[in-house]
Amino acid sequence: ATPAEASKQTPSDSAPILVGQVGSLTGSEATFGISGRQGISLALQEANAAGGVKGRPLALRVYDSQGKPEEAAQAAARLISQDHVVVILGEAASSNSMAMADKAQAAGVPMITPTSTNPAVTKKGDYIFRVCFIDPFQGEVMARFAHDHLHLKRVAVLQDNKSAYSVGLTDEFRRKFTELGGVVVATESYSKGDTDFRAQLTTLKKTRPEGLFVPGYYTDAGIIARQARELGLTLPLLGGDGWDSARLFELGGAAIEGSYYSNHYSEENPDPVLQEFITRYKAAYGQVPDSVGALAYDAARLAIDAMKRAPDLSGPALRDAIAATRDFPGVGGSITLDANRDAVKQAVILKVEGGKARFVTALKP
Ligand code: PHE
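Note that the structure is predicted; figures quoted are calculated from it, not measured. (Residues numbered from 1 in each chain as written. Predicted model: local features only at pLDDT ≥ 70, side-chain atom pairs only at ≥ 80, totals over all residues. Heavy atoms only, no water.)

A.B. asks: Please provide a residue-by-residue account of the sheet that holds strand β10 (residues 260–263), values included.
C.D. replies: Within the open sheet, the seven strands sit side by side as β7-β6-β8-β9-β10-β13-β14. Their pairing is mixed. Because the sheet does not close on itself, it has two edges, and the strands there are β7 (183–190) and β14 (356–363). Looking at each pair of strands side by side, their axes are set apart by 25° on average, direction ignored. Here strand β8 (residues 211–213) runs beside strand β9 (residues 237–239); their pairing, made up of two bridges, is parallel. Paired with F213 across the bridge in β9 is L238. Contacts between helix α6 (residues 135–149) and the sheet are confined to β8, β9, β10, β13 (347–353) and β14, with β10 contributing the most and set at about 150° to the helix. (Pairing = 2+ DSSP bridges. Helix = DSSP H or I, 4+ residues; strand = E, 2+ residues; numbered from the N terminus. Axes fitted to C-alpha atoms, helices over the stretch in contact; angles between N-to-C directions. Contact = heavy atoms within 4.5 Å.)

In structure tokens form, the structure reads like this:
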């Protein structure tokens, strides 16, 4: 277009459609925010290469939550009132997503979290969605695996009592493990930011557990594994999706070997759609996507698909289009959003072996 023609267009005709992300780009969960940004950026680039949405390109605005709920809430408010984003993607961690969800719901701006698994997140309101399973399922999966596959009878728990995810997942694990005939012999707690877990581990050791469930994030799990081994605890460690980061293997080293955790996907799944995504992600970022990278990509693509189907990009129209998503082909599995705006998907169990997470089994809802 000549400059004269271009100037005839109103900004909304050609200006980029702004997508917002809130993620922990710094702090002890930094890989969550960085992977999320990578997955979303790749989805936006691919959509732009294919012509954008309604003739407009897509652009991303990202703010750092620093892994803190108050910062996440402020970032969401800024995306809404200052940047006027059409949709908010994130956070990864449930406590942060819950803080953001209040802002998004009040403003009528749709929000999709890639990986927040606590049930309370989407209960914040009808503008809040997720593309992952929820913790009542994940807790059940780990309890069944501990009981049926590892034949554990006595399991101890070390949880982060400041994290909605950690506390919730502990409750769900305990409920199912007890129902199966197992015993949670003791539960000890720490608070985000703690780096010395020896007192709790010493207390737990006295209860003679056969396994230790650590439903925290990767930094805590890596350090806990090392300190547990130092104190002579040789039992298998068990975790949830919050362990999923390449940093887990660096921090945990030999101490985390032989541990198991539940996750959203395995890079060893031969599905060609997934493998082609992994190839593109590796080419762009020089690393294999972790589950936040993969699910953030899916969340962004699902949002873009809804933008194309929606009659316009207003909050209510986009909300309705997202809510109508059925059988969306995500790289981390097919996504159908249910009446609670949650995705019903299978979980995989991974084993830490040779500094990598190896596929063990998949469990269906
Ligand atoms: N499920 C975790 C939560 O709800 C977050 C998470 C999942 C982070 C998977 C990374 C990978 O807090």
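A.B. asks: Tell me about helix α12 (residues 291–309), and name the residues and values.
C.D. replies: Because each turn of an α-helix spans 3.6 residues, side chains separated by three or four positions in sequence point in the same direction. End to end, α12 covers 27 Å across 19 residues, agreeing with the expected 27 Å (1.5 Å per residue, within 8%). The element α12 is largely enclosed, with a buried count of 15 among its 19 residues. (Expected span 1.5 Å × (residues − 1). Buried < 20%, exposed > 50% of the residue type's maximum accessible area, 1.4 Å probe, protein only.)

A.B. asks: Can you lay out the site of the ligand for me, pointing to particular residues and giving the numbers?
C.D. replies: Inspection of the region around the ligand gives 13 residues, with S94, T115, T117, Y217 and D241 positioned closest. One of the side-chain nitrogen or oxygen atoms of S94 is found 2.5 Å away from an oxygen atom of the ligand. Measuring from an oxygen atom of the ligand, one finds a side-chain N or O atom of Y217 at 2.5 Å. In the complex, 100% of the free accessible area of the ligand, which totals 320 Å², lies under the protein chains. (Near = heavy atom within 4 Å. Polar contact = N/O pair within 3.5 Å; in protein donor to acceptor, adjacent residues only side chain to side chain. Areas by Shrake-Rupley, 256 points an atom, 1.4 Å probe, with all protein chains shown as cover.)

A.B. asks: Go over empty space enclosed by the protein, please, and point to the residues and values.
C.D. replies: Scanning the entire structure with this criterion turns up two cavities of 30 Å³ or more. Within this model, the largest cavity holds a volume of roughly 110 Å³. Here the residues of the lining of the largest cavity sort into six nonpolar, seven polar and one charged. Around the second largest cavity sit 15 residues that line it, and Q21, F32, G36, A92 and P114 are the ones nearest its centre. Elements that contribute at least two residues to the lining of the second largest cavity include exactly β1 (17–23), α3 (30–49), β3 (87–90) and α12. (1 Å grid on protein atoms, 1.4 Å probe; cavity = no way out; pocket = protein on both sides within 12 Å on 5 of 7 lines; lining within 4 Å. Points joined across faces, edges and corners; volume = space filled by probe spheres on them. Nonpolar A, V, L, I, M, F, W, Y, C, P; charged D, E, K, R; others polar.)

A.B. asks: Residues and numbers for the packing of aromatic side chains, please.
C.D. replies: On inspection of all chains with the given rule, the structure shows twelve aromatic pairs. Relative to F197, the ring of Y190 lies with its centre 4.9 Å away and its plane at 85°, an arrangement referred to as edge-to-face. The residues Y190 and F197 share a single accessibility class, namely buried. Considering the side-chain rings of Y281 and Y285, the 4.9 Å spacing of their centres and the 65° angle between planes classify their relative orientation as edge-to-face. Linking Y281 with Y285, this pair stays in helix α11 (residues 272–285), spanning four residues, or about one helical turn. Taking the relative accessible area as the measure of exposure, Y281 reaches 0% and is therefore buried. (Phe/Tyr/Trp six-rings, centres within 6.5 Å; stacked < 30°, edge-to-face > 60°.)

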